[in-house]
Amino acid sequence: TKKMILDLDTGIDDSMAIAYALAAPDVDLIGIIGSYGNVYVKDGGINALKILELLGATDVPVYLGESHSLTSDHFDRMQVSARIHGENGIGQVQLPEPKRALETTSGVDFLIDSVKKYGQNLTLVPTGPLTNLAKALDKAPEIAHEIGNVTLMGGALTVEGNVNAYAEANINQDAEAANAVFTSPLHLTMVGLDVTLRTLLTRKETSQWRDLNTKAGTAFADIVDYYIDAYKETNPQVPGCALHDPLAVGVALDPSFITTLGLNMFVSTDKETYGRTIGDQARLDEPATNVNVGINVDADRYLATFMKYLTGLFAK
Ligand code: BDR
Ligand code: CA
């Protein structure tokens, strides 16, 4: 059984990532690290607890990560986040207050301790800003060689960003952290907009969850319908909502969902191109590469797997 940690800014697609990790066979979700991004860090942590409780996973601990980027002393939530994910981050759906509390250990320390404990058997899936991972690498650089698998949702190589032409949202929150991660000795798989924008969910699928007539099925249908409607407004050219974060979990468990290009990359921290994920000119000729960038995806097979897992989980 693979040990997995999710580092997320819960968030609607982050919620689907949690569900995917809980439903997939042979995965032991040992903890969630809350990040800022779609929501403030505390709200993201509480949302994660609520989603876990809704799905009956009351034994998965939730730790709080950093509350803002490496280069600033606070975080201002972007207005567009409330439009896409709802003011509360989960599509304005009111879930019961969680019975459990957030853990008191910091998310960064939990990550380092878990690498020490599980090493190659540990898979980390960050689907928010990379601040927590950058902090952990700074505190314990050796973990770059010890951790088994890091598959992240973020970036864009062959398509434009979604914040602006250069930057994808997670990377844009903290390009300095992302650059530290991309240029570290870590081996990464980048599940960026190149593949997530081709992996779409529509109301046809969420209606299958609604038809289950279960608490989880109805709540997830409501939460994700909010996201699908927001997508219609903000990305009218895409016929559905992108499965950004759950695709990263899927790829972490089954890399054959995507085809990748091996590259040495860096993340721009220049003002004009802040957050751009691109090949590192200085390391283009190096034969060894540390980032596998997803450039194509078997969206049909992924969607079938996604629906099998989530519908099965919500039916319980
Ligand atoms: C990413 O940004 C966040 O809003 C989503 O949850 C996803 O992780 C997509 O760019
Ligand atoms: Ca996210």
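Everything that follows concerns the structure shown earlier in this document.
Within any chain, residue numbers begin from 1 and follow the written order of that chain's sequence. Just so you know, chain letters begin at A and ligand numbers begin at 1, following the order they were written in. Totals for whole chains, interfaces and linings use every residue, but because this is a predicted model, local features are given only for residues with pLDDT of at least 70 and side-chain atom pairs only at 80 or more, for both listing and counting.

Alignment of strand β1 (residues 2-8) against strand β2 (residues 27-34), held across 7 bridges, turns out to be parallel. Counterpart to M4 in the pairing with β2 is L29. DSSP bridges decide pairing: two strands pair if at least two such bridges lie between them. Numbering of helices and strands runs from the N terminus, with a helix taken as a DSSP run of H or I at least four residues long and a strand as a DSSP run of E at least two residues long. Of the strand pairs in this sheet, β2 and strand β3 (residues 62-64) are connected by 3 bridges, and their pairing is parallel. Within β3, the position partnered with I33 by the bridge is Y63. For the segment spanning β2, helix α2 (residues 41-54) and β3, crossover handedness is right-handed. Whether a crossover is right-handed depends on one test, that the path from the first strand over the helix to the second runs clockwise when the strands point away from the viewer.

By size, the foremost hydrophobic cluster in this structure holds 103 residues, and its most contacted members are L6, Y20, A21 and A248. A per-element tally of this core places helix α1 (residues 12-23) first, with 9 residues. In this description, any two residues whose backbone-derived C-beta atoms lie within 7 Å of each other are considered to be in contact. Other than its neighbours up to four places away in sequence, A21 contacts M4, L6, V27, L29 and V249. Residues enter a nonpolar core if they are buried, belong to Ala, Val, Leu, Ile, Met, Phe, Trp, Tyr or Cys, and are joined to the set through C-beta atoms within 7 Å. Counting other C-beta atoms within 10 Å of a residue's C-beta gives its exposure: the residue is buried at 20 or more, exposed at 12 or fewer, and partly exposed in between, where C-beta atoms are placed from the backbone.

Between α1 and helix α12 (residues 244-253), the least distance of the axes is 6 Å, while the angle of their chain directions is 25°. In this view, α1 runs roughly parallel relative to α12, as classed from their interaxial angle. Here the hand of the crossing between α1 and α12 comes out right-handed. Taking contact as the criterion, the partners of D13, D14, M16, A17, Y20 and A21 in α1 are, on α12, H244, D245, P246, A248, V249 and G250. Fitted lines through C-alpha atoms give the axes, limited to the stretch in contact for helices. The angle between two N-to-C directions lies from 0 to 180 degrees. Should an angle lie under 35 degrees it is considered roughly parallel, over 145 roughly antiparallel, and from 65 to 115 roughly perpendicular; all remaining angles are considered oblique. Crossing handedness is read from the near helix: turned anticlockwise from the far helix by less than a right angle, it gives a left-handed crossing, and turned clockwise, a right-handed one.

Being near a molecule or strand means, for a residue, that its C-beta atom, positioned from the backbone, comes within 6 Å of it. Within the structure, ligand 1 sits among G11, D13, D14, N38, T127, M153, N162, E168, A169, N170, H244 and D245. Counting residues per element, the ones that place at least two in the shell around ligand 1 are α1, α7 (169-173) and α12.

Attention now goes to helix α8 (residues 175-182). For α8, a buried count of 7 out of 8 residues is recorded, marking the element as mostly surrounded by other parts of the structure. Along α8, the positions that sit buried rather than exposed are A175, A177, A178, N179, A180, V181 and F182.

Attention now moves to the sheet that holds strand β4 (residues 122-126). Judged by pairing direction, the sheet is mixed, and its 8 strands sit side by side in the order β3-β2-β1-β4-β5-β6-β12-β9 without closing on themselves. Because the sheet does not close on itself, it has two edges, and the strands there are β3 and β9 (258-263). Pairwise comparison of adjacent strand axes, ignoring direction, gives a mean angle of 25° for this sheet. Judged from the 6 bridges that link them, β9 and strand β12 (residues 291-297) form a sheet pairing that is antiparallel. The residue of β12 that forms the bridge with L263 is V291. Here α2 sits on the sheet in contact with β1, β2 and β3, set at roughly 180° to β3. Packing of helix α4 (residues 107-118) onto the sheet brings it into contact with β1, β2, β3 and β4, and relative to β2 it is tilted by some 155°.

So, on to the packing of helix α10 (residues 203-210) against helix α11 (residues 215-234). Axes are the key here: two packed helices are described by the angle between their axes and the distance separating the axes. Following both chains from N to C, one finds α10 and α11 inclined at 160°, their axes separated by 7 Å at the closest point. Judged by the angle between their axes, α10 and α11 are roughly antiparallel. Crossing of α10 over α11 shows left-handed handedness. Only G217, T218, F220, A221, V224, D225 and I228 of α11 make contact with α10, whose side of the interface consists of R203, T206, W209 and R210.

Positionally, D76 belongs in the loop between β3 and α3 (79-85). Judged by local crowding, D76 falls into the exposed class, with 9 C-beta atoms found within 10 Å. Taking the C-alpha atoms as reference points, D76 and N164, separated by 88 residues in sequence, lie 18 Å from one another.

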